[in-house]
Structures are given as C-alpha cells and as structure tokens.
Amino acid sequence: MGFNYLIEAVGGVGCFQIIFIIFSLLSTTMSACQIFVQNFSAHVTAHHCHLPFLSNETRRVNLTHKDFLKAFIPVGANQQLERCFRFTTPQWGLLTTNDTEVNRTEAVREPCSDGWTYDTSLFSSTIVSEWDLVCNLQDLRQLSQSVFMAGVLLGAIVFGRLADRFGRRALIILSYLQMSVAGTCAAFLPSFILYCSFRFLTGMAFSGLHLSSISLILEWMPIRGRTMAVSLPGQGFPLGQLLVAGVAYGIRDWRWLQFAVSAPFYLIFLLSWFIPESARWLILNDRTPEAINNLRKVARINGKQEESQKLTVELIETHMKEASSMTPSTSFLDLVRTPGIRRISCCLMFLWFSTSLGFYALAMDLQNFGLSLFLVQVCFGTFDIFATQASISAMDFFGRRLSLSFSLLIAGLLIIANIFVPQEMHMVRTALATTGKGCFASAFSILFTFSGELYPTVIRQTGLGFLSMIARAGAILAPLIHMIANYVSFLPPVIFSASAIMAGLTAYTLLETRNSTLLDTVEEVEIRVKGKPLPEVEAVPLTQKNGTILPQTV
C-alpha cells in the first residue's frame, strides 16, 4: 500500500505521467486502426458474374452495357443484378418485355465460372475483390476478421502471462515491433492464407501492447490521477475509428491502406525504448536497485531532482514491507484460487465477454445500416469519444460500479429497440446503434480501470490478459451470431441485448473501488472483499533525515 506515497514523493501526476499518457493515447489510436481497417479493406462492393465476351458482343449487336447485362445476368427480388449466377444462354427477350418470370427460372442459371466484375467506384481494390471472397467463399471475409480476433485472444493469454514474468516494458517493446512488421507484411502478401496469418500476429501484438500499457499506467499513477490516466488512452479507440475512416477515404486500395495504418508503428517502436519499467513490478520481483533507478529517473523528469537522490533501499522496504515479499504470479489458477478473487474473476469474465460481444456486433456491421460507410464510421467514432469522456466524469462522480451497470443496461435496451424500427428508416437505426455502441465503448473504458483496480499487482497483468482473452471470445462469436439472422432475423439482437442487460445487473455486485488504494497482494483483496479494514500506512508528508527520505512519525 505504501507505493502510492513513493509515487507522490517523485512528483505524483507530473510531466512523466503526462508524457506517458499522451504516448499511450497515440499508440492506442494507431492500434485501433488495425481493428477497424477491415471495415474498409474487406468492404463488399457491388459485383456480378464476369462476362469475358462482353465488350465484343456489345459492339456486335450494338447494345448498351446495361442492356447486355440484363440479357445475361438475372435480376433478384430487390431488382439488383444477381451476384452469384448468370444465364446459361442470353435472354434477349428480356430487352423487350418486363416479364421477370425468366429471372425466376432456376433451370436457365449457372454459377459464375469466369470470376466476377466488381464496382470500383468506392474502392479500387479490397481483399474481397482481390481473392473473390464472394458467393460460396463469402464466409472467408468474416473469417479473416475472426482470425485477427483469435490472435488478440491468444496474445492476451501469452503476453499477459509473460508481462507478469518478464516485465511490462519488455512486452510493450516486443509488441510494437511485432505490430509494425506483421502489419506491413500483411499489406503485400500474395495469398489470402498468408494475409490471415500475419493479421493473426498483428492481433497478438495488439493485446500485448494494450494490456501492458494499462498496467504501466496504473502502476505509475497515484490514486488521485488513476481514473483519468487509464481512461484517456481509451480515447484512442474512437479516435482510431475516425482516423481510419479519414485514411480510407483518401486511400482506396486495400494494400496501401493496410500499409498506411501499420508503418507508424516503426517510429512508435523506437520511442518505446525510453519507457521505464514499472518500479512496483521490479520491487515485487526483488529488483529493488532497478526500481530505485527508475524512480529517480521519473523524479528528475517531474522536476524532483533533490528527492530523486534521497531514494534508498531502506526507504523502499519501509513502504513496501508486506508487498516486497510477494512474487507476481504467472498462473491463471491464481485468478480463482481464493474466494474473493474467484468472485471478482467470474463477474469480470461475464462483463468483458458481454461488452465485447455487443461492441463488435455493432462496430463490424457498418454495411447493414444503409448509409455511407464513411459516415457511419465517423458517427460511431464521434459518439464514442463523447461516451468515453462522459464515463470518466461518471466514474469519479457516481463510482465505477453504478456507471458500468448503467452503460450496459442502456446499451441492451437500445439494441432491442432497434428491432422494432423499419429497415428503411436508416437514420433512426443508425442513431440507435451509434448510441448503443457508445454505451459499450463507455463500458469498456470503465472496465479497464475497474478491473485493474480490483486485481492486486501480483496478478494484475495476468488478470487483465485473461479478461482480454474472454473479451476476444465475444468478438469472435459476434459475427457468428449475426449469421443466425439468415434464418431468424430478430434473434441476434435479442441475444446481444439480453447479454448486455444481464451484464449490467452483474456489474452492480462488484466492490466499489473509487478513491481506493491500489492493492498489491491477494491477501489485501481478500480482506477488502470481507469488508474488513486494511492495515493503514500513514498518508503523511515525507521528511529528510540524514539525507534519506523517511515517513514522518505522527
């Protein structure tokens, strides 16, 4: 518990903390682009069967392009050209009659055997047009995004445990390097399988850098700045949605778009070498001298040059007497080993799963709202900024528990309300979906802060990694649930809504952590869960004695 006083002694919320938060915001914004880029790089443009003889036949019979397509391509129930079939023989009679019976005659149709022709007015190239992910291969488009999310899931498992064992800084540096290399390679690979493989690696890197950054922010911040410090980098997700929409508007080729959102990570990778390791983690791993060096470095950056020279091993032991004997765990069993931690873990698992399920159900379904792809993405991103900003104030004013519960309940109700809005009312449906997704974004922002505060330092990274894994399971499941709409149209939104409402009720059963000290050991959490008072360390100024900072006696 005493580490908070050491942080205050070296500047509290100072220049170092502000710089690190800005850096985390930048990296989160760029990494969010990797999640949402496929809304554009995998966009399904209008297409129909390719007719290799089209140009010659058009000149020979002196027909317009539109009339020739009418003779060779069936028209569906929505009066749009069929995307997966063509007539086996030209139906010239359709040019002189409005009879559509021939369009409904399955016997005269055949699947596209010469590929497809794509509308390039919106995007010159996408992974769909590049590898013909349409018709019987249309599920591969969703698979590519699920593969990315599977990478995020595995990254949460692997990097979460490694960060508790080898440190936050090492995993952040590794994740930035992997993100830059894998993202760039994905832009220029020749096959869909290789593209998915490197998108998988990109997803793993996303988990590593995001989770380690959250832990570092929590562990370098005093109590008074923790809510703002963890929530502000979360603004990178809506900012990333806006940024990728702007980049995609200017770059209409999917390969250069993928490269554009990956290349900046080379610079971020170089800058990440200047990030100091968590002093709290170093102390818990019996590396106190390194912790002192990092505390001194932070003190100098914060303008506490004199105080930085007074930090000693004795001072660290004074403030971290209980926690210094604890070694951070890398086992997921520690998340369920004791009753208090087990209860927290079970509740948080359901909360992260439900929030992720609803968030990605809306975020990756832009084409179904009937408006411009860019407009919907901008609406989503803009309202997410407002929602996450509101969550910061709500957490401080109402507390974490009530704010999280309210966000999820409202999101669930808005999803179910959209069932009763007619499909042609595009603006209303988009407005409801935008507000609902904003509530999920707010819930995510609260969950990152709330979860980091509920878990102690010894298992914080392992806990966040495990919860991120559960969240990615929800992200992977969301597109699969959407497929149920082909059979029962109202069932997917009912599932998403019910999950969010149940999660909102579950959130209210957790302990409130507003203005609470960040705990270091499992034992402290168990004491707090039982409602007993924790051993107090006097929160008093530090004074000098024989050149050493010591707690002032009362």
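Check the entry above for the structure.
Residues numbered from 1 in each chain as written. Predicted model: local features only at pLDDT ≥ 70, side-chain atom pairs only at ≥ 80, totals over all residues. Heavy atoms only, no water.

Student: Now, about the overall build of the protein chain: what can you tell me, with residues and values included?
Tutor: Helix and strand counts for the protein chain come out as 24 helices and six strands. Per-residue burial for the protein chain yields a buried fraction of 55% across its 554 residues. By element, 63% of the accessible surface of the protein chain is carried by carbon and sulfur atoms, the whole surface being about 22800 Å². (Helix = DSSP H or I, 4+ residues; strand = E, 2+ residues; numbered from the N terminus. Buried < 20%, exposed > 50% of the residue type's maximum accessible area, 1.4 Å probe, protein only. Areas by Shrake-Rupley, 256 points an atom, 1.4 Å probe, with all protein chains shown as cover.)

Student: Talk me through the packing of aromatic side chains; I want residue IDs and the actual numbers.
Tutor: Summed over all chains, the structure comprises 21 aromatic pairs. Both rings, one in Phe 359 and one in Phe 444, keep their centres 5.6 Å apart while their planes meet at 80°; by these two values the pair is edge-to-face. You can see Phe 359 sitting in helix 18 (residues 339-363) and its partner Phe 444 sitting in helix 21 (residues 426-454), a full 85 residues away along the chain. On the accessibility criterion, Phe 359 (5% relative accessible area) is buried. According to the relative accessible area criterion, Phe 444 is buried, its value standing at 10%. (Phe/Tyr/Trp six-rings, centres within 6.5 Å; stacked < 30°, edge-to-face > 60°.)

Student: Any details on the side chain of Ser 499? Residues and values, ideally.
Tutor: Take Ser 499: it is sitting in helix 23 (residues 491-507). Among the polar contacts made by the side chain of Ser 499, one reaches the side chain of Ser 354 at a distance of 2.8 Å. Once residues within four sequence positions are removed from consideration, Ser 499 is found in contact with Phe 350, Ser 354 and Leu 357. (Polar contact = N/O pair within 3.5 Å; in protein donor to acceptor, adjacent residues only side chain to side chain. Contact = heavy atoms within 4.5 Å.)

Student: A description of the pattern of salt bridges should follow, citing residues and the corresponding values.
Tutor: Scanning the model with the defined rule gives four salt bridges in all. Among the salt bridges present, the one from Glu 130 reaches Arg 255, with a minimum N-O distance of 2.8 Å. Residue Glu 130 is located in helix 6 (residues 127-131), and its partner Arg 255 is located in helix 12 (residues 254-260); the two are separated by 125 residues in the primary sequence. Note on Glu 130: relative accessible area 34%, which makes it partly exposed. The exposure class assigned to Arg 255 is buried, which follows from its relative accessible area of 16%. Measuring nitrogen to oxygen at the nearest pair gives 2.9 Å for the salt bridge that ties Glu 290 to Arg 287. Of the residues examined, Glu 290 reaches a relative accessible area of 38% and is grouped as partly exposed. Via salt bridges that share partners, Asp 396, Arg 400 and Glu 453 belong to a single interconnected network. (Salt bridge = Lys/Arg side-chain N within 4 Å of Asp/Glu carboxyl O.)

Student: Pulling in residues and values, what's your account of unusual backbone geometry?
Tutor: Phi is positive for Asp 132, which is not a glycine, with a value near 50°. You can call Asp 132 partly exposed: its relative accessible area is 24%. The phi torsion at Cys 135 lies on the positive side, around 55°, for a residue other than glycine. Owing to a relative accessible area of 13%, Cys 135 belongs among the buried residues under this scheme.

Student: An account of the nonpolar core is needed here, citing residue identities and associated values.
Tutor: With 107 residues, the main nonpolar core has Leu 348, Leu 351, Trp 352 and Leu 404 as its most contacted residues. Here this core gets 12 residues from one element, more than from any other, and that element is helix 18. (Core = buried A, V, L, I, M, F, W, Y, C linked by side-chain atoms within 4.5 Å.)

Student: Give a description of the packing of helix 20 (residues 400-418) against helix 21 that names residues and reports values.
Tutor: In contact at an axis separation of 8 Å, helix 20 and helix 21 are set at 155° when each is read in the N-to-C sense. Relative to helix 21, helix 20 is oriented roughly antiparallel. Two packed elements cross with a definite hand, and for helix 20 against helix 21 that hand is left-handed. When grouped by side-chain class, the residues that make up the contact of helix 20 with helix 21 number 15 nonpolar, seven polar and four charged. (Axes fitted to C-alpha atoms, helices over the stretch in contact; angles between N-to-C directions. Parallel < 35°, antiparallel > 145°, perpendicular 65-115°, else oblique. Left-handed = near helix turned anticlockwise from the far one by under 90°. Nonpolar A, V, L, I, M, F, W, Y, C, P; charged D, E, K, R; others polar.)

Student: Talk me through a nonpolar patch on the surface; I want residue IDs and the actual numbers.
Tutor: Taken together, Ile 419, Phe 420, Tyr 487, Val 488, Phe 490, Leu 491 and Val 494 make up a surface patch of nonpolar side chains, about 690 Å² in accessible area. On the secondary structure map, Phe 490 appears in the loop between helix 22 (457-482) and helix 23. (Patch = residues over 30% accessible without salt bridge, like charges linked within 9 Å, V, L, I, M, F, W, Y side chains within 5 Å.)

Student: Now, about helix 18: what can you tell me, with residues and values included?
Tutor: Between its first and last C-alpha, helix 18 extends 36 Å over 25 residues, near the 36 Å set by a 1.5 Å rise per residue. For helix 18, the buried fraction is high: 18 of the 25 residues fall into the buried class. (Expected span 1.5 Å × (residues − 1).)

Student: So what about the packing of helix 7 (residues 139-166) against helix 9 (residues 192-220)? Which residues, and what values?
Tutor: Contact pair helix 7 / helix 9: the axes reach a minimum separation of 6 Å and the direction vectors enclose 40°. The angle between the axes of helix 7 and helix 9 places the two elements in the oblique class. As for how helix 7 packs across helix 9, the hand of that crossing is right-handed.

Student: Tell me about the state of the cysteines, residues and numbers included.
Tutor: Tallied over the entire structure, the rule returns two disulfides. Here Cys 49 is linked by a disulfide to Cys 112, with a sulfur-sulfur distance of 1.7 Å. Here the S-S torsion is close to -70°, and the disulfide linking Cys 49 with Cys 112 is therefore left-handed. Within this pair, whereas Cys 49 is found in strand 1 (residues 47-49), its partner Cys 112 is found in the loop between strand 3 (109-111) and strand 4 (116-118), the two being separated by 63 residues in sequence. The two residues Cys 49 and Cys 112 agree in class, both being buried. Look at the protein chain and number its bonded cysteines as they come in the sequence; the links are 1-3, 2-4. (Disulfide = S-S within 2.5 Å.)

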